[in-house]
Amino acid sequence: MSTSTSASASAKTSTAAAPRSYLRWRIVDIVVASVLGVAAGLIFLAWNVGYLGPKALLEPLLPGLQGLLDGPWLFAGVLGGLIIRKAGAAIYVELLAAVVSALIGNQWGGFLTLEAGLVQGLGAELVFLLFFYRRWSLPVAILAGAGAALAGGINNLVLWYAGSGPAFTTIYLISTIVSGAVIAGALSWVLARGIAATGALDRFGSGREARVRV
């Protein structure tokens, strides 16, 4: 009777603690999130220059369409959230990537780069929070990418495109959300699954899920 009661109480305690596991960061979580952030920051640096050519083509074609180029700056938070699966991971990885971009130098300046990273990471983070850090499917990843794009797009409209007309605002927001959903969302989900399939993420829920699928 006592043993049964004790086992039952232990099970209840374990069950109650499980939902809060997303709040507890391990050393390995911090290390891997940091590696992801630095790697993403280097990709940001390349895209800071690489996007100029496509932008020169898209802007005259249809003002606002340059929002299609925003995705590569949005993927870090989504990828970090999908792999680490802890509260704050999306913000941490996206912000760290922005720090790397700011420290090495870019055309927007340090403060605005960090501010953009924080806003974009928050946009993705809120989507993961909406699902209580329990759903990591493709649709959720797409929504997280779109969330990062929406937050970042509104931020850009306020800071860089103030006074833009309704047509530009609409085209830009739709374009950046599409880019965020596809590049930052869907492609990050595919990338996370690919990394997990190698066994590199076996200490993470994302890696263990990949092993179960295999």
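Residues numbered from 1 in each chain as written. Predicted model: local features only at pLDDT ≥ 70, side-chain atom pairs only at ≥ 80, totals over all residues. Heavy atoms only, no water.

In the nomenclature of an unreviewed UniProt entry, the chain corresponds to ECF transporter S component from the organism Microbacterium paraoxydans.

Trainee: Teacher, can you tell me more about the overall build of the chain here?
Mentor: Summing up its helical and strand segments, the chain has nine helices and zero strands in all. Overall, the chain shows an N-to-C arrangement of helices and strands of α-α-α-α-α-α-α-α-α. Residues counted as buried form 42% of the 214 residues belonging to the chain. When contacts within the chain are restricted to residue pairs at least 6 apart in sequence, long-range pairs at least 24 apart make up 72% of them. With the model as given, the accessible surface of the chain reaches about 10800 Å², and the carbon-plus-sulfur share is 73%. (Helix = DSSP H or I, 4+ residues; strand = E, 2+ residues; numbered from the N terminus. Buried < 20%, exposed > 50% of the residue type's maximum accessible area, 1.4 Å probe, protein only. Contact = heavy atoms within 4.5 Å. Areas by Shrake-Rupley, 256 points an atom, 1.4 Å probe, with all protein chains shown as cover.)

Trainee: Please explain the UniProt feature "transmembrane region" (unreviewed entry) in the chain as it appears in this structure.
Mentor: UniProt marks residues 27–47, 67–84, 91–110, 116–133, 140–163 and 169–192 with the feature "transmembrane region" (unreviewed entry), using the numbering shown here. Taken as a whole, residues 91–110 contains 75% helix and 0% strand, while its terminal C-alpha atoms sit 17 Å from one another. (UniProt positions renumbered as here; feature names shortened; annotations may be inferred.)

Trainee: Would you mind going over the environment of Leu-157 with me for this structure?
Mentor: Secondary-structure assignment places Leu-157 in helix α7 (residues 138–159). With residues near it in sequence (within four places) discarded, Leu-157 still touches Ala-162, Phe-168, Thr-169, Tyr-172 and Leu-173.

Trainee: Where do I start with helix α2 (residues 27–50) in this structure?
Mentor: An α-helix turns once per 3.6 residues; consequently, residues spaced three or four apart project the same way. Along its 24 residues, α2 runs 35 Å from first to last C-alpha, staying within 8% of the 34 Å computed at 1.5 Å per residue. When we look at burial in α2, the residues that qualify are Val-28, Asp-29, Ala-33, Leu-36, Gly-37, Ala-40, Gly-41, Phe-44, Leu-45 and Asn-48. Looking at the packing, one finds that the buried side of α2 touches α3 (52–61), α4 (75–84) and α5 (89–104). (Expected span 1.5 Å × (residues − 1).)

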